[in-house]
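Letter by letter, the chains look like this.
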Amino acid sequence: MSVPYSIRKQKEEASEALLVGATVQQRASQKIPLIARSHVSERALRTLDIVERFVEEECIPADVLVAQQVGQGVKERFNAHPSIIETLKKRAQELGLWNMFLPKNHFKEGAGFSNLEYGLMAEYLGKSSVASEATNCAAPDTGNMEVFAKYGTQEQKDRWLKPLLAGEMRSAFLMTEPDVASSDATNITLNMVKEGNDYILNGSKWWSSGAGDPRCKIYIVMGKSDPNNSSFYKQQSVIFVPADTPGIKIHRMLSVYGFDDAPHGHGHITFNNVRVPASNMCLGEGRGFEVIQGRLGPGRIHHAMRSIGAAEKALEYFLARINDRKKTPFGKQLHEHGIMMERVARSRIEIDTARLTVLNAALVIDSKDAKHALKEIAEAKVQIPSMALEVIDRAIQAYGGAGVSQDTPLANMWAHGRTMRIVDGPDEVHLMQLAKNENKRGKAMYEKIEWQKRQTHEMAKELGITRRDVLQLDREHSKSKL
């Protein structure tokens, strides 16, 4: 923490009411689930409270203004850089809220927090559309910085990691392709051919998040470098491609349920004989799967962490709506209708249980690494987006027409929440893998249960007990007389 958090004196009372509510005097550090509390340092506790206030008092009020500063029209919107973002970035750095995502047990470049500690902070960042970028903890840069930090050469780190860590530029991760089922990464077809000291790239990518931003200077690109390799998992490589390399064309931006996410955006990009130095290869040719698994594991958990915050924000909007005295359908406020209160209760239960799933995954990663937490990461990746969508949908329903309009952030939150069931691997892939691993116990479980049945039979013989169903009745009516 660089400097203590400070706000204007006349705002102190309002801030207290804003953050703790009228009846529950709790700050973020006091709301940590008990089972996780011992894993959080005193420094992280103090930082968590600062994150909460920064998000609630400065980022959320700025969200609407940032959207307005982006402007109108495709050309303007995807060349914009709202000045408020730089103001918030400067403020975040003053408060010591910078690069919190890089876990201390794996990287020396971060702020010195664990995955669990960052998970608690990311929940609050997820309540604002600008907070993650303001603290230099925004996707896809977080995952991309982890790639550079974990796999990059010193030259690659100096050229791209340092300016990314400083928030001086942005990046994009290019894996998904429009013409194949990219949920199976062995299908990736972008062609990488070695020619002298260069690789020549040809192919297309889409859903290249971040590519629309003029500050995006580097692409992390997955392609097929050895299509004849006998191992499907050694045919791919990952290479770093400067965004201004000749032969790259951004054709269009893709909308998310009608939202363009400008200036960040999601690009549809083609590579036409794009020449990239072989020294830009990440880790080595044929090691693409190793790189993307190392990147996507932490990325999946980051998305889940932020989704918890989105669900909390939706519940706040829900509570505000049902306590709005101007809204009295059928002569009662909404909170006087039982169905609404049931939805509030269910939302509270679902958010709290989902949070435990996320924190458990973070703890397992902290104890070893993402590779040893595949089950826990997959569980979080599947559970949390579905939970958040359900909670957001309940809030939307309470607002009626306003809930699906631009007058609340709920429609936008739902749209982005829905993409979380697809990005970084669709639910089906994670469910299939979880089920396959779980079913490895199938034969052993069958044999165990059959053994237990035999044991029951042997015990009955030894004790002289004749086995019969406890509900066996054997009631029989006398035969009718003819």
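The model shown is predicted, which means the values in this text are computed figures rather than measured ones.

A.B. asks: Account for the packing of aromatic side chains, with residues named and values stated.
C.D. replies: Applying the stated criterion across every chain, the model contains seven aromatic pairs. Both rings, one in Tyr 233 and one in Phe 289, keep their centres 5.0 Å apart while their planes meet at 80°; by these two values the pair is edge-to-face. Note that Tyr 233 is positioned in the loop between β4 (216-224) and β5 (236-242) and Phe 289 in helix α10 (residues 288-322), a separation of 56 residues in sequence. Residue class for Phe 289 comes out buried when judged on its relative accessible area of 13%. Here the aromatic residues Phe 148, Trp 160 and Phe 240 are joined through ring pairs into a cluster of three or more. When the ring centre of Phe 173 is taken as origin, the NZ or CZ atom of Arg 295, which lies over that ring, is 4.0 Å away.

A.B. asks: Break down the nonpolar core for me, citing the residues and quoting the values.
C.D. replies: Counting residues in each nonpolar core, the largest one holds 97 residues, and the members touching the most others are Met 100, Tyr 118, Ile 292 and Met 387. With 14 residues, the single largest contributor to this core is α10. Sequence-distant contacts of Tyr 118, defined by excluding residues within four places in its chain, comprise Met 100, Phe 101, Leu 125, Cys 137, His 302, Met 305 and Arg 306. Counting 19 residues, the second largest nonpolar core, distinct from the first, contains Leu 201, Tyr 219, Ile 269 and Met 281.

A.B. asks: Any chance you could break down the pattern of salt bridges for me, citing the residues and the numbers?
C.D. replies: Proximity of charged atoms lets side chains of opposite charge pair with each other. Counting across every chain of the model gives 34 salt bridges. For Glu 123, the salt bridge goes to Arg 355, with nearest N and O atoms at 2.9 Å. A residue pair is termed long-range when its members are at least 10 positions apart, and Glu 123 in helix α6 (residues 115-125) and Arg 355 in helix α11 (residues 338-367) qualify at 232 residues. The pair formed by Glu 123 and Arg 355 is uniform in burial state, with each residue classed as buried. One network of salt bridges, in which partners are shared, links Glu 123, Glu 312, Arg 348, Asp 352 and Arg 355.

Here is what the cut-offs are and how they apply
- Residues numbered from 1 in each chain as written.
- Predicted model: local features only at pLDDT ≥ 70, side-chain atom pairs only at ≥ 80, totals over all residues.
- Heavy atoms only, no water.
- Phe/Tyr/Trp six-rings, centres within 6.5 Å; stacked < 30°, edge-to-face > 60°.
- Helix = DSSP H or I, 4+ residues; strand = E, 2+ residues; numbered from the N terminus.
- Buried < 20%, exposed > 50% of the residue type's maximum accessible area, 1.4 Å probe, protein only.
- Lys NZ or Arg CZ within 6 Å of the ring centre and 35° of its normal.
- Core = buried A, V, L, I, M, F, W, Y, C linked by side-chain atoms within 4.5 Å.
- Contact = heavy atoms within 4.5 Å.
- Salt bridge = Lys/Arg side-chain N within 4 Å of Asp/Glu carboxyl O.

Such coordinate-based values are descriptive only and should not be taken to indicate function.
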